[in-house]
Amino acid sequence: MKVIVVKDYDAMSAKALEIMKAVVVEKPNAVLGLATGSTPLGLYANMIKDCKENGTSYKKVRTVNLDEYAGLDKNHNQSYAYFMRTNLFEGIDVDLANTNIEDGTAKDREKECERYSRLLDDMQQDIQLLGIGSNGHIAFNEPGTAFDSETHIVDLTESTIKDNSRLFEKIEDVPRQAFTMGLKNIMRAKKILVLANGAGKANAVYGMVKGRVTESVPASILQLHPDCTLVCDEAAASKIV
Ligand code: PGA
């Protein structure tokens, strides 16, 4: 894994734009694997600014998102579909019809997982963006998830529910389940870009970069990817330098 340590969140977001933009400039119809969470917000703001000021175009790009809360409609203000529209898609020239995410309201959840995995088979990500959870999860693949997993439904762990509760009025409102791309779907990406910032991620970053490759630390599988880059700030890198 290539590791790039930068000073702070803004520098991380600037470097991330460089990497993301290079993919889109080289291949205007690239498939971008995108992520939610607080980590990529700076990157998304940079993509919007760069699209407006420099004309980098996403018109032909297709996107696939990692995960979605089960039970939330795409218009619910905490759904990841809503997050992507308001934090990125509405600010760039992407065609919303080319953006993909699991359907949180799907009645048959197993069937929805199967649909999404087969969609991913046809849309290999040219780049997959990832954040990392404080417990080493990637997307909603929690510790213990099989490395060969495809899209599946997960029961969220207490630590993830707690991490996410800041975004809901009360902790009881946080959905208990989510759809997530599996680790196999993520590892199929041609290139992976992981972003991490803040001291709260230092242990997870250590496990991802230097720990044993184990299903107990889902992000450790990234050590096996041929083209994975981690961009992190000094605080997140404190245990690997
Ligand atoms: P965060 O979440 O970007 O909000 O820290 C990352 C993750 O849980 O994957």
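In the block above lies the structure referred to throughout.
Counting from 1, residues in each chain are numbered in the order their sequence is written. Totals for whole chains, interfaces and linings use all residues, but because this is a predicted model, local features are given only for residues with pLDDT of at least 70 and pairs of side-chain atoms are given and counted only at 80 or more. The side-chain values count all of the structure's non-hydrogen atoms but skip hydrogen atoms and water molecules.

Novice: I keep staring at the pattern of salt bridges and nothing clicks. Help me out?
Specialist: Where charged atoms of side chains with opposite charge meet at close range, the side chains can pair. Every case where a carboxyl oxygen of Asp or Glu lies within 4 Å of a side-chain nitrogen of Lys or Arg is listed as a salt bridge. Considering all chains together, one arrives at 11 salt bridges under this definition. In this structure, D50 and K21 form a salt bridge, with 2.8 Å as the shortest nitrogen-oxygen distance. A residue pair is termed long-range when its members are at least 10 positions apart, and D50 in helix α2 (residues 41-54) and K21 in helix α1 (residues 9-26) qualify at 29 residues. Residue burial is assigned from relative accessible area. The probe radius is 1.4 Å, only protein chains are included, and a residue is buried under 20% of its type maximum, exposed over 50%, and partly exposed in between. What makes D50 buried here is its relative accessible area of 4%. Here R118 makes a salt bridge to E150, at a shortest N to O gap of 3.0 Å. Of the two residues, R118 sits in helix α4 (residues 109-121) while E150 sits in the loop between β6 (127-130) and β7 (152-155), which places them 32 residues apart along the sequence. Note on conventions: DSSP H or I runs of at least 4 residues are helices, E runs of at least 2 residues are strands, and numbering of each starts at the N terminus.

Novice: Honestly, the site of the ligand in this entry has me stumped. Any pointers?
Specialist: A cutoff of 4 Å decides nearness: a residue is near a molecule or strand if any of its heavy atoms lies inside that distance of it. Neighbouring residues of the ligand: G37, S38, T39, G131, I132, G133, H137, R166 and K201. Here a polar contact is taken to be a pair of N or O atoms separated by no more than 3.5 Å, where protein atoms must pair a possible hydrogen donor with a possible acceptor and residues adjacent in sequence count only if both atoms sit in side chains. Contact between the ligand and S38: an oxygen atom at 2.9 Å from a side-chain N or O atom of the residue. Within the side chain of H137, one N or O atom sits 2.7 Å away from an oxygen atom of the ligand. For the ligand, whose unbound accessible area comes to 280 Å², protein coverage reaches 80%. In terms of residue class, the shell around the ligand is built from one nonpolar, six polar and two charged. Each accessible area value is a Shrake-Rupley result obtained with a 1.4 Å probe; residue values ignore everything except the protein chains displayed when judging cover. Classification convention: Asp, Glu, Lys, Arg as charged; Ala, Val, Leu, Ile, Met, Phe, Trp, Tyr, Cys, Pro as nonpolar; all other residues, Gly among them, as polar.

Novice: What exactly am I supposed to notice about the packing of α2 against helix α3 (residues 80-87) here?
Specialist: Think of two packed helices as two axes; the pair is described by the angle between the axes and how far apart they sit. Throughout, an axis means a line fitted to C-alpha atoms (over the contacting stretch in the case of helices), and angles, computed between N-to-C directions, take values from 0 to 180 degrees. Running from N to C, α2 and α3 cross one another at 40 degrees; their axes reach a closest spacing of 10 Å. Between α2 and α3, the crossing angle belongs to the class labelled oblique. Residue-level inspection shows L41, Y44 and I48 of α2 in contact with α3, the latter providing F83, M84 and N87. In these notes the angle categories are as follows: under 35 degrees is roughly parallel, over 145 is roughly antiparallel, 65 to 115 is roughly perpendicular, and the rest is oblique. Contacts are assigned to residue pairs with any non-hydrogen atoms lying within 4.5 Å of each other.

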